[in-house]
Amino acid sequence: MATKHTCNNGNGPVFGKRQPYGSGCARCDELTLGAAPVVWSSTRRREMEAKQIRAIRAHDCKTSKCGPVCTAFES
């Protein structure tokens, strides 16, 4: 299993732009040195999308005390 990104609060590179080598993200360093990127299967992607849809549908803005615009699932 690949090392997890620690850049951008653990969310990985923004728009695929890796951190410069030696900047502190071990996974970005591995990729720079030629490690293979993780390939997601379509099954795993569907599972992740279904999980997110369930979470969105289960979200209640009143109990979460969202403001006039809900930003609960923005990242």
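Our structure's up above, just so we're on the same page.
Residues numbered from 1 in each chain as written. Predicted model: local features only at pLDDT ≥ 70, side-chain atom pairs only at ≥ 80, totals over all residues. Heavy atoms only, no water.

1. A word on the side chain of Asp29
Applied cut-off: The numbering of helices and of strands both runs from the N terminus, where a helix is a DSSP run of H or I of at least 4 residues and a strand a run of E of at least 2. Note on exposure labels: buried denotes an accessible area under 20% of the residue type's maximum, exposed denotes more than 50%, and partly exposed covers the range between, all computed with a 1.4 Å probe on protein chains only. Charge convention: Lys and Arg are scored as positive, Asp and Glu as negative, and His as well as the terminal groups of each chain are ignored. Any carboxyl oxygen of Asp or Glu that lies within 4 Å of a side-chain nitrogen of Lys or Arg is treated as forming a salt bridge with it. Here a polar contact is taken to be a pair of N or O atoms separated by no more than 3.5 Å, where protein atoms must pair a possible hydrogen donor with a possible acceptor and residues adjacent in sequence count only if both atoms sit in side chains. It only takes one pair of heavy atoms within 4.5 Å for two residues to be counted as in contact.
You can see Asp29 is positioned in helix H1 (residues 26-32). Comment: no salt bridge for buried Asp29; closest opposite-charge side chain is Arg18, at 8.6 Å. Engagement of the side chain of Asp29 in a polar contact is seen with the backbone nitrogen of Gly22, the distance being 3.0 Å. Every residue in contact with Asp29, bar those within four places of it in the chain, is listed here: Pro20, Tyr21, Gly22 and Ser23.

2. A closer look at a nonpolar patch on the surface
To keep things clear, this is the line we draw: Put simply, a patch holds well-exposed residues, over 30% relative accessible area, that have no salt bridge, with like charges counted together within 9 Å and Val, Leu, Ile, Met, Phe, Trp or Tyr side chains within 5 Å. Note that accessible areas follow from Shrake-Rupley with a 1.4 Å probe, and for residues the cover is restricted to the protein chains shown.
A cluster of nonpolar residues, Val38, Trp40 and Met48, forms a patch on the protein surface that exposes about 300 Å² of accessible area. With respect to the helices, strands and loops of the structure, Trp40 is situated in the loop between H1 and helix H2 (42-58).

3. Focus: the environment of Gly12
Within the secondary structure, Gly12 sits in the segment before H1. Owing to a relative accessible area of 5%, Gly12 belongs among the buried residues under this scheme. Residues Gly12 and Pro68, spaced 56 residues apart in sequence, show a C-alpha to C-alpha distance of 30 Å. Other than its neighbours up to four places away in sequence, Gly12 contacts His5 and Cys7.

4. Some remarks on unusual backbone geometry
For Asn9, which is not glycine, the phi torsion reads 60 degrees and is therefore positive. Checked against the element boundaries, Asn9 lands in the segment before H1. The phi dihedral of Phe15 falls on the positive side, at around 55 degrees, and the residue is not glycine. Position of Phe15 among the secondary structure elements: in the segment before H1.

5. Some words on the pattern of salt bridges
Tallied over the entire structure, the rule returns 2 salt bridges. Taking the shortest distance from any N to any O, the salt bridge between Glu30 and Arg27 comes out at 2.9 Å. Of this pair, Glu30 and Arg27 are both found in helix H1, 3 residues apart, which corresponds to roughly one turn of the helix. Accessibility expressed as a relative area gives 28% for Glu30, which makes it partly exposed. Put simply, Arg44 and Glu47 hold a salt bridge, and the shortest N to O gap is 3.9 Å. A residue pair is termed a helical-turn pair when its members lie 3 or 4 positions apart in one helix, as Arg44 and Glu47 do in helix H2 at 3 residues. Residue Arg44 is classed as partly exposed on the basis of its relative accessible area, which comes to 39%. What makes Glu47 partly exposed here is its relative accessible area of 44%.

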